[in-house]
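# Residue-level structural notes
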Amino acid sequence: KNDDPQRVFVWSVTLIIFACVLITSVCYGVINLRARKSRNAVKVMMANGAKRGDKISRRLQRNLTWIILTDFICWVPFLTTCLFHSLEVVDATSLYSVFSIVILPINSCIN
């Protein structure tokens, strides 16, 4: 329905959520790059403790990767569903409660 007053709201919220996911991913990517640079600098300065620092840095990078991946896995299907619902490709009314009650809280817990 092109005259639906909620259509603008749905598209606005969808774009805001997409921007937030994108910004969060970029920020975690920057953290990951800086941690990697820091790890390399510490390796040069401390040959003895580099293995322990390397292990901690790898763990940090793995955790950041999982956070970004889970954000993507949880939010992209939601955004896609919202867009398809708004374009009247599917009736996703029943899916919103599943996303709200199950999927998005899981993402919050992981973060």
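What you are looking at is a predicted structure, and each value in this text was computed from that prediction instead of being measured. (Residues numbered from 1 in each chain as written. Predicted model: local features only at pLDDT ≥ 70, side-chain atom pairs only at ≥ 80, totals over all residues. Heavy atoms only, no water.)

### What to know about the side chain of Thr 70
Position of Thr 70 relative to the elements: it lies in helix α2 (residues 50-86). Among the polar contacts listed, one links the side chain of Thr 70 to the backbone oxygen of Ile 67, at a separation of 3.0 Å. Non-local contacts of Thr 70, meaning those with residues more than four positions away in its chain, are made with Asn 107 and Ile 110. (Helix = DSSP H or I, 4+ residues; strand = E, 2+ residues; numbered from the N terminus. Polar contact = N/O pair within 3.5 Å; in protein donor to acceptor, adjacent residues only side chain to side chain. Contact = heavy atoms within 4.5 Å.)

### Points about the packing of aromatic side chains
Per the stated rule, a full pass over the model turns up 2 aromatic pairs. Considering the side-chain rings of Trp 75 and Phe 78, the 5.7 Å spacing of their centres and the 80 degrees angle between planes classify their relative orientation as edge-to-face. Linking Trp 75 with Phe 78, this pair stays in helix α2, spanning 3 residues, or about one helical turn. Relative to Phe 99, the ring of Phe 78 lies with its centre 5.3 Å away and its plane at 70 degrees, an arrangement referred to as edge-to-face. Here the residue Phe 78 occupies a position in helix α2, and Phe 99 occupies one in helix α3 (residues 93-110), the gap between them amounting to 21 residues. Assessed through its relative accessible area of 11%, Phe 78 is described here as buried. (Phe/Tyr/Trp six-rings, centres within 6.5 Å; stacked < 30°, edge-to-face > 60°. Buried < 20%, exposed > 50% of the residue type's maximum accessible area, 1.4 Å probe, protein only.)

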